[in-house]
Each structure stands twice: as structure tokens, then as C-alpha cells.
Amino acid sequence: MFKNKRNNKKNLLVLALMGGMTYAQAEVLAILPESGPMARAASSIKLGFQSAYAASGYPEPLKFVNSDQKHIAKVLKKNITAKTKLIVGPLARAEVDALMKARPKIRVLTLNEGAAQAGNITQFSLAKKDDAQALQKILAEDRMQELLVLRQPGAETEHELFLMSLVTQAGLQMQVVHAPPKKLKRHQALLLLGNNEWMNGQQKLPKKQIYTVSNAIEEGQPIPKGMKFCDTPALYRGQWAELYSAYQQHPVTMPYQRMLAFGGDAWSIAQLYLQNPKLKEAVFEGRTGLIQINGNHIQRTPHCYHNTGKGVTAI
């Protein structure tokens, strides 16, 4: 679904508020699983990371290490050298927690969120709470006061964290329904939580005040008219030519296209830290959304879209 447009090298508008830029020789240690249950996602992240790295022209080398079935403390001890200036990864939540306990002395950009925080460790992820916050803003703009939730049977747990985050942030009255209502009241929203096939199998959906999640959107498959959702902008905007090129060489389904974009943003953040080790604040338009760095916290805000019947448009 990636679009192809000429790449504008100035498409990352970065606001860095701490000091000047430095370009000391550095080696980036990237820790990702090459086997096991997370290997496929890691492969797409790695490809996105490498494609953005190559497009940036940054001269320092990357060193990839397989983390599957290995103790993170031992991985760090074996692979950190005097040239290592930044660690990117690991990906599994348990490994992020193990890295926290290992307390590496150099800066780390993890690719998931752990249970704790540390001064030199920044956590970056495709967190459900970020997706929920983006949709919450759209519901607020649409002046919704009540949320009707229609869930795909058997897939309830997949969306539980998203739904909890959304309800907590939005403060809406919520009601679980078992079929689409024949008519929605003025301030009622219908949220569909399920996959694309299930969503398109719903009969007589309302034409407005309907919402869904990004994993209900699949390449080449219809989206109900009037549907609103928040997703990775790289799938809908063609300003990241390196992602399109990587996708052409290694076509993947949309969930893994999102991982490609995530890997690309991980490199953009890593490059900021390499250029300015004391970086405290930055903001840029990323492949997965608006990226805001504030201390050790990264806020990712996906972009939201509306299927008007004439096509998907940005809100």
C-alpha cells in the first residue's frame, strides 16, 4: 500500500532543543531476534531500519545481533565495545525488562515498552495507548458522548488493551453491543473491533459515526463508507521513497508494512541521538505518525483518516 513519490530529503522537520550536532565515530548495536515467534516482525523492522539508514547517508556502521534464546546481559557483555555509542532494541517486552536490569551505561532505544524506566533508556513502540489517544481526539472533535462497541467473537482479548486505553482517555459512556444498531443517536459512536473480513461482513452499517482500528484495514480490501480510523501515515503518503523501494523488493502484508515504517522511525530517532547525545526534546513527522521526544518519553501520534466513499482522505 506504500505510495511512490520522489523523496524529499527535507521531509523530516526536526526541532532539536539541546545543543549542537556532533558526528563522532560511532557503532550502533541493534539487537533483534532472527528466529522464534517474533522473527517475522523483527525482519520487517530491520529492513525498515536499514533502508532509512541507507537513505540518510550516515557513515557509522550498524551491527546486528540475534537475541532469540539468549540472555540479554550476556548479549550486551559480548557485543558492547568502546566504539558502541547506541543500542537499538531489543524487541520482546521480557528482553526490555532484562535490559533494564542489566543497566548498560550507554544510551539505549528499545523497540518495546518494559515495566520500568531508566535514565539512559528511551522506549519506543507501536503502543496501543498511542493509537487509542489518536482516535480519542477524533471522537472528541466529533462530539461523541457514548461509545457502542461491536467486537469480533473470539478476538476480544486482542483489542482489550486498546479499548481500556480508549475508554480511560475519552471518558465516554461505553456499551458492548452484539449487532450494529439500526440507527445511531446524534452523539453515539459505533466502534468496530475485529479484522477486515469480519468488519465487511457486518450488514447495514451506519454511514457515519463509525470507527475502527488500524488492523481492520487491509490492502486491496474495501473499507465501509463513512469509516474513520487512525493508522501509519507511510501507508497513505508517498514521501518515504526508501520504504517503497524496500517494500517492492520484499512485499509484505499491511501489518508488516507498519513494522517497516516503525523500523524507519527507529533509525530516525537513533540518528538524532547519535548526532546529539544530550538530546532532550525533538519533534518530527515520522513514518508511523508525529514523533515527539520529551526526555526519555516518546509520544507517537498516528494520523487519522476518513473513507468518504470517494476514497480515503486525511482528517
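Now for a quick tour of the structure. Please read all numbers here as calculations on a predicted model, not as lab measurements.

A separate point is the overall build of the protein chain. Within the protein chain, the secondary structure is distributed over eight helices and 15 strands. Principal-axis analysis of the C-alpha atoms gives the protein chain an extent of 65 × 40 × 35 Å. Here the protein chain, with 315 residues, has 51% of them falling under the buried criterion. Put simply, 63% of the contacts in the protein chain that link residues at least 6 apart link residues at least 24 apart. Within the structure as shown, the protein chain displays about 15,900 Å² of accessible surface, and the carbon and sulfur contribution to it stands at 52%.

The next thing to look at is the packing of aromatic side chains. As enumerated under the stated definition, the model contains eight aromatic pairs in all. Between the NZ or CZ atom of lysine 46 and the centre of the ring of phenylalanine 64, over which it lies, the distance is 4.6 Å.

A few words on the side chain of aspartate 131. Assignment of secondary structure puts aspartate 131 in helix H4 (residues 128-141). A relative accessible area of 14% means that aspartate 131 is categorised as buried. With residues up to four places along the chain from it excluded, the contact list for aspartate 131 reads Phe162, Arg300 and Pro302.

All right, on to the pairing of strand E4 (residues 107-110) then. Residues of E4 alternate between two faces, with Arg107 and Leu109 on one and Val108 and Thr110 on the opposite face, all of them buried. Note: strand E3 (residues 84-88) against E4, three bridges, orientation parallel. Bridge pairing in E4 places valine 88 opposite leucine 109. Tracing the backbone out of E3, into helix H3 (residues 93-102) and back to the parallel element E4 gives a crossover that is right-handed.

The next subject is the pattern of salt bridges. Tallying each qualifying case throughout the model produces six salt bridges. Close ionic contact of arginine 300 with aspartate 131 constitutes a salt bridge, the shortest N to O distance being 3.2 Å. You can see arginine 300 sitting in strand E13 (residues 297-301) and its partner aspartate 131 sitting in helix H4, a full 169 residues away along the chain. Summarising the burial analysis for this pair, arginine 300 and aspartate 131 share the class buried. One salt bridge in this structure joins aspartate 265 and arginine 287, with 3.1 Å as the shortest N-O distance. With aspartate 265 in helix H8 (residues 254-275) and arginine 287 in the loop between strand E11 (281-285) and strand E12 (290-294), this residue pair connects regions lying 22 residues apart in the sequence. Salt bridges linked by common partners bring Glu242, Asp265 and Arg287 together as one network.

So, about the state of the cysteines. Within the structure shown, the criterion is met by one disulfide. At a sulfur-sulfur separation of 2.0 Å, the disulfide partner of cysteine 230 is cysteine 304. Where cysteine 230 bonds to cysteine 304 through sulfur, the torsion about that S-S bond is close to 90 degrees, and the disulfide is right-handed. In this pair, cysteine 230 sits in strand E10 (residues 227-231) while cysteine 304 sits in strand E14 (residues 303-307), placing the two residues 74 residues apart along the sequence. No difference in accessibility class separates cysteine 230 from cysteine 304, as the two residues are buried.

For the rest of this paragraph, the subject is the nonpolar core. In this structure, Leu111, Phe124, Trp267, Ile269 and Ile293 are the most contacted members of the largest nonpolar core, which totals 28 residues. A total of eight residues in this core trace back to one element, the largest contributor, which is H8. With residues near it in sequence (within four places) discarded, phenylalanine 124 still touches Leu109, Thr110, Leu111, Asn112, Phe262, Asp265, Ala266, Ile269, Thr288, Ile291, Ile298 and Arg300.

Our next topic: H8. Compared with an ideal rise of 1.5 Å per residue, which puts 22 residues at 32 Å, H8 spans 32 Å between its outermost C-alpha atoms and is within 8% of the ideal. Most of H8 sits out of view: 19 of its 22 residues are buried.

Okay, the layout of surface pockets next. Approximately 930 Å³ is the volume attributed to the largest pocket. Every residue lining the largest pocket is counted, 38 residues in all, and those nearest its centre are Leu126, Ala127, Lys128, Asp131 and Met259. Elements with a contribution of two residues or more to the lining of the largest pocket: helix H1 (39-56), H4, helix H5 (160-170), E10 and H8. The leading source of residues in the lining of the largest pocket is H8, at five residues. When grouped by side-chain class, the residues that make up the lining of the largest pocket number 17 nonpolar, ten polar and eleven charged.

Below, the discussion takes up the packing of H1 against H8. Between two packed helices, the angle of one axis relative to the other and the distance separating the axes together describe the packing. Between H1 and H8, the shortest axis-to-axis distance is 7 Å and the interhelical angle comes to 45 degrees. Considering their axes alone, H1 and H8 lie oblique with respect to each other. Considering the relative orientation of H1 and H8, their crossing is right-handed. Judged by residue contacts, Arg40, Ala41, Ser44, Ile45, Leu47, Gly48, Phe49, Ala52, Tyr53 and Ser56 of H1 engage Tyr256, Met259, Leu260, Phe262, Gly263, Gly264, Ala266, Trp267 and Gln271 from H8. In terms of residue class, the contact of H1 with H8 is built from twelve nonpolar, six polar and one charged.

About the thresholds
Residues numbered from 1 in each chain as written. Predicted model: local features only at pLDDT ≥ 70, side-chain atom pairs only at ≥ 80, totals over all residues. Heavy atoms only, no water. Helix = DSSP H or I, 4+ residues; strand = E, 2+ residues; numbered from the N terminus. Buried < 20%, exposed > 50% of the residue type's maximum accessible area, 1.4 Å probe, protein only. Contact = heavy atoms within 4.5 Å. Areas by Shrake-Rupley, 256 points an atom, 1.4 Å probe, with all protein chains shown as cover. Phe/Tyr/Trp six-rings, centres within 6.5 Å; stacked < 30°, edge-to-face > 60°. Lys NZ or Arg CZ within 6 Å of the ring centre and 35° of its normal. Pairing = 2+ DSSP bridges. Right-handed = clockwise from strand over helix to strand, strands pointing away. Salt bridge = Lys/Arg side-chain N within 4 Å of Asp/Glu carboxyl O. Disulfide = S-S within 2.5 Å. Core = buried A, V, L, I, M, F, W, Y, C linked by side-chain atoms within 4.5 Å. Expected span 1.5 Å × (residues − 1). 1 Å grid on protein atoms, 1.4 Å probe; cavity = no way out; pocket = protein on both sides within 12 Å on 5 of 7 lines; lining within 4 Å. Points joined across faces, edges and corners; volume = space filled by probe spheres on them. Nonpolar A, V, L, I, M, F, W, Y, C, P; charged D, E, K, R; others polar. Axes fitted to C-alpha atoms, helices over the stretch in contact; angles between N-to-C directions. Parallel < 35°, antiparallel > 145°, perpendicular 65-115°, else oblique. Left-handed = near helix turned anticlockwise from the far one by under 90°.

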